[in-house]
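This is what each chain is made of:
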Amino acid sequence: MKIAITGKGGVGKTTFSAVLSRLLADKGYSVLAVDADPDANLALALGFPHELAAEIVPISDMKNLVAERTGSQPGSFGTMFKMNPKVSDIPEKYCKEYNGVKLLTMGTVDSGGSGCVCPEHVLLKTLTTHLIIGNKDVVIMDMEAGIEHLGRGTAKGVDFFIVVVEPGERSLQTYRKVKQLGEDIGVNKVYVVGNKVRNKEDEDFILNHVDSNACLGFIHYNQSVIDSDRANLSPYDQSEETKIDIEKIYQKLRGFSDVQI
Ligand SMILES: Nc1ncnc2c1ncn2[C@@H]1O[C@H](COP(=O)(O)OP(=O)(O)OP(=O)(O)O)[C@@H](O)[C@H]1O
Ligand SMILES: [Mg+2]
């Protein structure tokens, strides 16, 4: 299963990605969590100790690796390089593992095919495609906010998007854009998780604004999630209620006959 977690800025993509990754790892799945946000912060949300998190170098910053795989000269522009670099060994070799979750930090991912074609982007793009056709049990990609970066490269081979929304019009607008984009690029399954809900009105608001059957469930607004963020700890270890909410979302996902999880 390859899942991309998307949505508007600040809705809880990283929180959800981290807790889902930990939950699945505890259930015995082999989980590869991918931090595809240039502003990477998934490691701490997963509960990585500071020292280990600080050691992480994003793939796009590994100049020697980029040069070696693409045949380019580091820092040079306009030279020839390979468009099909070898990437198959990168996830295992360059991920960091903690609490049973393997984490791969990508750095800056190419923005949907437009703009710059440089060796770093070619490597990341090829790697993204490879990740999501690899044979890990579950790949969970914590994406950059918004939709600008979601291109065919990212979408290739992704089984579905989960859009995290809040009970408000702005994040639902992002959901509608992701859904439209999904149709354009061939990702037909776009599910929704409602985060930071406080009551039934919040849940109804979300349900009334998304496709019927698209909503996988809700995560309640929870002070312990905020506290865990402040303390740089994993919400998985700090918020039992959030774990239970996300367990329910996992069960709902499993119930879909076309979802192999
Ligand atoms: N259920 C919740 N209850 C309370 N606070 C929450 C909840 N989920 C997330 N938050 C808080 O909201 C903030 C944003 O969460 P998070 O970083 O997971 O969002 P994001 O979508 O990944 O953001 P970005 O777009 O910056 O990557 C954090 O301070 C987090 O602790
Ligand atoms: Mg995030």
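Quick look at the structure, then. Counting from 1, residues in each chain are numbered in the order their sequence is written. Naming scheme: in the order in which they are written, chains are lettered from A and ligands are numbered from 1. Only residues with pLDDT of at least 70 get local features here, since the model is predicted, and only at 80 or more are side-chain atom pairs given and counted; chain-wide, interface and lining totals rely on the full set of residues.

Spatial strand order, 3-4-2-5-1-6-7-8: 8 strands in an open sheet with mixed pairing. Single-partner strands in this sheet number two, and they are strand 3 (96-98) and strand 8 (215-220). The mean angle between the axes of side-by-side strands here comes to 25°, regardless of whether they run parallel or antiparallel. At least two DSSP bridges between two strands are required for those strands to pair. Only DSSP runs of H or I with at least four residues qualify as helices, and only runs of E with at least two residues qualify as strands; both kinds are numbered from the N terminus onward. Where strand 3 and strand 4 (residues 101-105) come together, 3 bridges link them in antiparallel fashion. Along strand 4, the bridge assignment pairs Tyr-98 with Val-101. Placing C-beta atoms from the backbone, we regard two residues as in contact once those atoms come within 7 Å. Lines fitted to the C-alpha atoms define the axes, with helices restricted to the stretch that makes contact. Angles between their N-to-C directions range from 0 to 180 degrees. The strands touched by helix 1 (residues 13-26) are strand 1 (2-6), strand 2 (31-36), strand 4, strand 5 (138-143), strand 6 (160-165), strand 7 (190-197) and strand 8; relative to strand 5, the strand with the most contacts, the crossing angle is about 165°. Those strands touched by helix 8 (residues 169-185) are strand 1, strand 6 and strand 7, and its axis lies near 170° from that of strand 6.

Okay, the pairing of strand 5 next. Within strand 5, 6 of the 6 residues are buried, which leaves the element mostly enclosed by the surrounding structure. For every residue, the other C-beta atoms within 10 Å of its own C-beta are counted; 20 or more classify it as buried, 12 or fewer as exposed, and values in between as partly exposed. C-beta atoms are placed from the backbone. Of the two faces of strand 5, the one carrying Val-138, Ile-140 and Asp-142 and the one carrying Val-139, Met-141 and Met-143 are both buried. Of the strand pairs in this sheet, strand 1 and strand 5 are connected by 4 bridges, and their pairing is parallel. Pairing of Lys-2 across the sheet is with Val-139, part of strand 5. Alignment of strand 2 against strand 5, held across 6 bridges, turns out to be parallel. Bridge pairing in strand 5 places Leu-32 opposite Val-139.

Before going further, it helps to examine the site of ligand 1. In the vicinity of ligand 1, 18 residues are found, and the nearest of them are Lys-13, Thr-14, Thr-15, Ala-145 and Asp-229. Listed by contribution, the elements that provide at least two residues to the shell around ligand 1 are helix 1, strand 7 and helix 10 (223-230). For the shell around ligand 1, the per-class residue count stands at 6 nonpolar, 8 polar and 4 charged. Nearness here has a simple definition: the residue's C-beta atom, placed using the backbone, must lie within 6 Å of the molecule or strand. The classification used treats Ala, Val, Leu, Ile, Met, Phe, Trp, Tyr, Cys and Pro as nonpolar, Asp, Glu, Lys and Arg as charged, and all other residues, Gly among them, as polar.

Right, let's talk about the nonpolar core for a bit. By size, the foremost hydrophobic cluster in this structure holds 65 residues, and its most contacted members are Ile-5, Ala-33, Val-34, Leu-46, Ile-140, Met-141 and Val-163. In terms of residue count, helix 1 provides more of this core than any other element does, 6 residues in total. Here, a nonpolar core means buried Ala, Val, Leu, Ile, Met, Phe, Trp, Tyr and Cys residues linked by C-beta atoms lying within 7 Å of one another.

Our focus in this paragraph is helix 6 (residues 119-131). Between its terminal C-alpha atoms helix 6 stretches 18 Å, which fits the 18 Å expected from 13 residues at 1.5 Å a residue. Most of helix 6 sits out of view: 11 of its 13 residues are buried. Pro-119, Glu-120, His-121, Val-122, Leu-123, Leu-124, Lys-125, Thr-126, Leu-127, Thr-128 and Leu-131 are the residues of helix 6 that are buried. What a helix is expected to span follows from its residue count: subtract one and scale by 1.5 Å.

Everything listed here is a matter of coordinates, which is why it stays silent on function.
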